[in-house]
Amino acid sequence: MTAKQRVLVVAPGRGTYNREELGYLARHHANKKKLMARFDTLREAAGQERLSDLDRRESFQPREHTRGDNASPLIYAAAYLDFLSIDPKRYDVVAVTGNSMGWYIALACAGALSAEMGFSVVNTMGSLMQEALIG
């Protein structure tokens, strides 16, 4: 029996969903449709566009995709779903950390917040940044 590798997970901060990432959620996490549907429902309830629709755009639109209220939840969804893809039979996650917005993502990955609560925190932070035009 091979021992599991111990790993540290570093959650990304703002600015990590760019032109190259367009379609990332659909390409890499099509098997996590139920969780994406919950994230989309939270966005719809807030009067915001669904993440799955933003991710499936034909082309990357900086004015749309880099807005705080869109970029932050896109980054959260990609990072959190990536985290869920870690094989627990092979890897023992011993710590989770993050920089800037990644700190909030790390809270969800570490289990301090549920997936939905982590999403709500990041979505709210991104929306507040967009409304105040800071970020």
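Our subject is the structure that appears above.
Residues numbered from 1 in each chain as written. Predicted model: local features only at pLDDT ≥ 70, side-chain atom pairs only at ≥ 80, totals over all residues. Heavy atoms only, no water.

Participant: Is there a simple way to explain the overall build of the chain in this structure?
Facilitator: Of the regular secondary structure elements, the chain holds 7 helices and 2 strands. Taken from the N to the C terminus, the helices and strands of the chain come in the order β-α-α-α-α-α-β-α-α. At 15 Å, the chain has a C-alpha radius of gyration in line with the 14 Å of a compact globule built from 135 residues. For the chain, buried positions account for 39% of its 135 residues. Counted over contacts in the chain with a minimum sequence separation of 6, partners at least 24 positions apart contribute 73%. Entry remark: accessible area of the chain is about 7900 Å², with carbon and sulfur atoms responsible for 54%. Each charge class in the chain was averaged separately, 17 positive and 15 negative side chains, and the resulting centres sit 5 Å apart. (Helix = DSSP H or I, 4+ residues; strand = E, 2+ residues; numbered from the N terminus. Rg over C-alpha atoms; globule rule 2.2 N^0.38 Å. Buried < 20%, exposed > 50% of the residue type's maximum accessible area, 1.4 Å probe, protein only. Contact = heavy atoms within 4.5 Å. Areas by Shrake-Rupley, 256 points an atom, 1.4 Å probe, with all protein chains shown as cover. Lys, Arg positive; Asp, Glu negative; His and termini not counted. Charge placed at Lys NZ, Arg CZ, Asp CG, Glu CD.)

Participant: Looking at this structure, how should I read the pattern of salt bridges?
Facilitator: Oppositely charged side chains are able to pair whenever their charged atoms sit close together. In the structure shown here, the tally under the stated rule is 7 salt bridges. The partner of E64 in a salt bridge is R57, with the nearest N and O atoms 2.8 Å apart. D69 is the partner of R67 in a salt bridge, and the nearest nitrogen-oxygen pair spans 2.7 Å. Put simply, D40, R50, D53 and R56 are held in one network by salt bridges that share partners. (Salt bridge = Lys/Arg side-chain N within 4 Å of Asp/Glu carboxyl O.)

Participant: Where do I start with the packing of helix 2 (residues 33-45) against helix 5 (residues 68-84) in this structure?
Facilitator: Remark: helix 2 packs on helix 5, axes separated minimally by 11 Å, with the N-to-C direction vectors making an angle of 160°. With respect to their mutual orientation, helix 2 and helix 5 come out roughly antiparallel. Here helix 2 runs over helix 5; the crossing is right-handed. Mapping the contact onto sequence places L35, M36, F39 and R43 in helix 2 and D69, N70, P73, Y76, A77, Y80, L81 and L84 in helix 5. (Axes fitted to C-alpha atoms, helices over the stretch in contact; angles between N-to-C directions. Parallel < 35°, antiparallel > 145°, perpendicular 65-115°, else oblique. Left-handed = near helix turned anticlockwise from the far one by under 90°.)

Participant: Would you explain the packing of aromatic side chains in this entry?
Facilitator: The geometry of two aromatic rings is summed up by the distance between their centres and the angle between their planes. This structure, assessed with the given rule, holds 5 aromatic pairs. Aromatic pair Y76 and F119: ring centres 5.9 Å apart, planes at 70°, arrangement edge-to-face. Separated by 43 residues along the polypeptide, Y76 in helix 5 and F119 in helix 7 (residues 115-132) bring together distant segments of the chain. With respect to class, Y76 is no different from F119; both count as buried. Judged by centre distance (5.3 Å) and plane angle (85°), the rings of W103 and Y104 are edge-to-face. Residue class for W103 comes out partly exposed when judged on its relative accessible area of 47%. (Phe/Tyr/Trp six-rings, centres within 6.5 Å; stacked < 30°, edge-to-face > 60°.)

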